[in-house]
Amino acid sequence: MKYFSISDDEFFSNPNEIVEYSNSLQKYPQASGEWPGVRSNPLSVINQDLNTSILKKIFSCYFGNEFISCESSNIYFQEIQRFHEHKDDVRNKGWIHGDTNAELSGLIYLSPNIDPDSGTSLFNGVDLDSEEAIKISKESTKAKEEFYKSGVFDWLSYSKIYNQHENFFIEKTRFQNIYNRMIAYEATEFHRANNFHHEGSNNRLTLVFFISGIERTS
């Protein structure tokens, strides 16, 4: 099945309580630097009821009242700090990528009063099989993981690689960061966080999900 990108506002009936719950959880960085910030343990491990409720509501957006099952679901709270005080600094921008380990991906925005431009965009790739694109892809992966892991990189080189990587993609859909908005899309769609900037001391809080093996059941 093709999962078209969707947006569902007012996803939780009690978003403030969900944020409070997130704040009570320990969160951890990713050792290899594959993604930025910190994540909680998966909800399937720490809160099965909440995990199931979220899945049911996500599936209802695509399937209505049909009974749906899935082989696996990974749902986490994720916090990402701003990497620079200036919003437009390249370090505050996410890297375009696809999720190869899932069928349906998405997130729920959970930061009140955050800059709406810190949402998510979807992209089409251009000439991704070319030698140049493959070369830049390897360099960008290395730069991203080194920065997210250590916070250290030569910023001129980082900016150059980032912009070269961006040249192989065309933005096609942009979602604004609206509190309690859920977005979902085919996991292999190229996407990125548009900005991690947040005024004040709060981080960019989302609940991210990756779902595989989705089936209609009787």
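Please refer to the structure higher up on the page.
The structure reproduced in this document is the subject of the present report. The shown structure was predicted, so the numbers you read here are calculated from the model rather than taken from an experiment.

1. A closer look at the sheet that holds strand β5 (residues 72-80)
Stage number 1. Read from one edge to the other, the open sheet built from seven strands follows the order β1-β9-β6-β11-β5-β3-β2, with strand pairing classed as antiparallel. Edge positions in the sheet fall to β1 (6-8) and β2 (28-29), since each has one partner strand and no second.
Stage number 2. Taken together, the three bridges between β1 and strand β9 (residues 182-186) define a ladder with antiparallel strand orientation. Within β9, the position partnered with Ile6 by the bridge is Ala184.

2. Some points on unusual backbone geometry
Stage number 1. Positive phi, normally seen in glycine, also occurs at Asn113, with a value near 60°.
Stage number 2. As for its placement among the helices and strands, Asn113 is situated in the loop between β6 (104-109) and β7 (120-125).
Stage number 3. Judged by its relative accessible area of 79%, Asn113 is exposed.
Stage number 4. Its identity as a non-glycine residue notwithstanding, Asp127 has a phi of 55°, on the positive side.

3. A closer look at the pairing of strand β11 (residues 204-212)
Stage number 1. Across the nine residues of β11, nine count as buried, placing the element largely inside the fold.
Stage number 2. Alternating positions in β11 separate into two faces, Arg204, Thr206, Val208, Phe210 and Ser212 on one and Leu205, Leu207, Phe209 and Ile211 on the other, with burial throughout.
Stage number 3. Judged from the nine bridges that link them, β5 and β11 form a sheet pairing that is antiparallel. In the sheet register, Glu79 faces β11, and the bridge partner there is Leu205.
Stage number 4. Direction of pairing for β6 relative to β11: antiparallel, over a ladder of six bridges. Note on β11: the bridge partner recorded for Leu104 is Ile211.

4. Describing the packing of aromatic side chains
Stage number 1. One pass over the full model with this rule turns up 15 aromatic pairs.
Stage number 2. Here Phe59 and Phe63 contribute two aromatic rings whose centre-to-centre distance is 6.4 Å and whose plane-to-plane angle is 70°, an arrangement assigned as edge-to-face. Of this pair, Phe59 and Phe63 both sit in helix α3 (residues 48-63), four residues apart, roughly one helical turn.
Stage number 3. Ring geometry for Phe83 versus Phe147: centroids 5.0 Å apart, planes at 55°, classification tilted. Of the two residues, Phe83 is situated in the loop between β5 and β6 and Phe147 in helix α4 (residues 131-150); the sequence distance between them amounts to 64 residues.
Stage number 4. Overall, Phe147 belongs to the buried group, its relative accessible area being 4%.
Stage number 5. Directly above the aromatic system of Tyr76 lies the positively charged group of Arg39, at a separation of 5.3 Å from the ring centroid.
Stage number 6. Lying across the ring of Trp155, Arg91 places its NZ or CZ 4.1 Å from the centre.

5. Some details on the nonpolar core
Stage number 1. Counting residues in each nonpolar core, the largest one holds 27 residues, and the members touching the most others are Ile54, Leu110 and Leu207.
Stage number 2. Counting only elements with at least two residues in this core, the list comes to α1 (15-23), α3, β5, β6, β9 and β11.
Stage number 3. With seven residues, α3 is the single largest residue contributor to this core.
Stage number 4. One finds Trp95, Tyr162, Ala193 and Phe196 within the second-largest nonpolar core, a separate group that totals 12 residues.

Cut-offs and rules
Residues numbered from 1 in each chain as written. Predicted model: local features only at pLDDT ≥ 70, side-chain atom pairs only at ≥ 80, totals over all residues. Heavy atoms only, no water. Pairing = 2+ DSSP bridges. Helix = DSSP H or I, 4+ residues; strand = E, 2+ residues; numbered from the N terminus. Buried < 20%, exposed > 50% of the residue type's maximum accessible area, 1.4 Å probe, protein only. Phe/Tyr/Trp six-rings, centres within 6.5 Å; stacked < 30°, edge-to-face > 60°. Lys NZ or Arg CZ within 6 Å of the ring centre and 35° of its normal. Core = buried A, V, L, I, M, F, W, Y, C linked by side-chain atoms within 4.5 Å.

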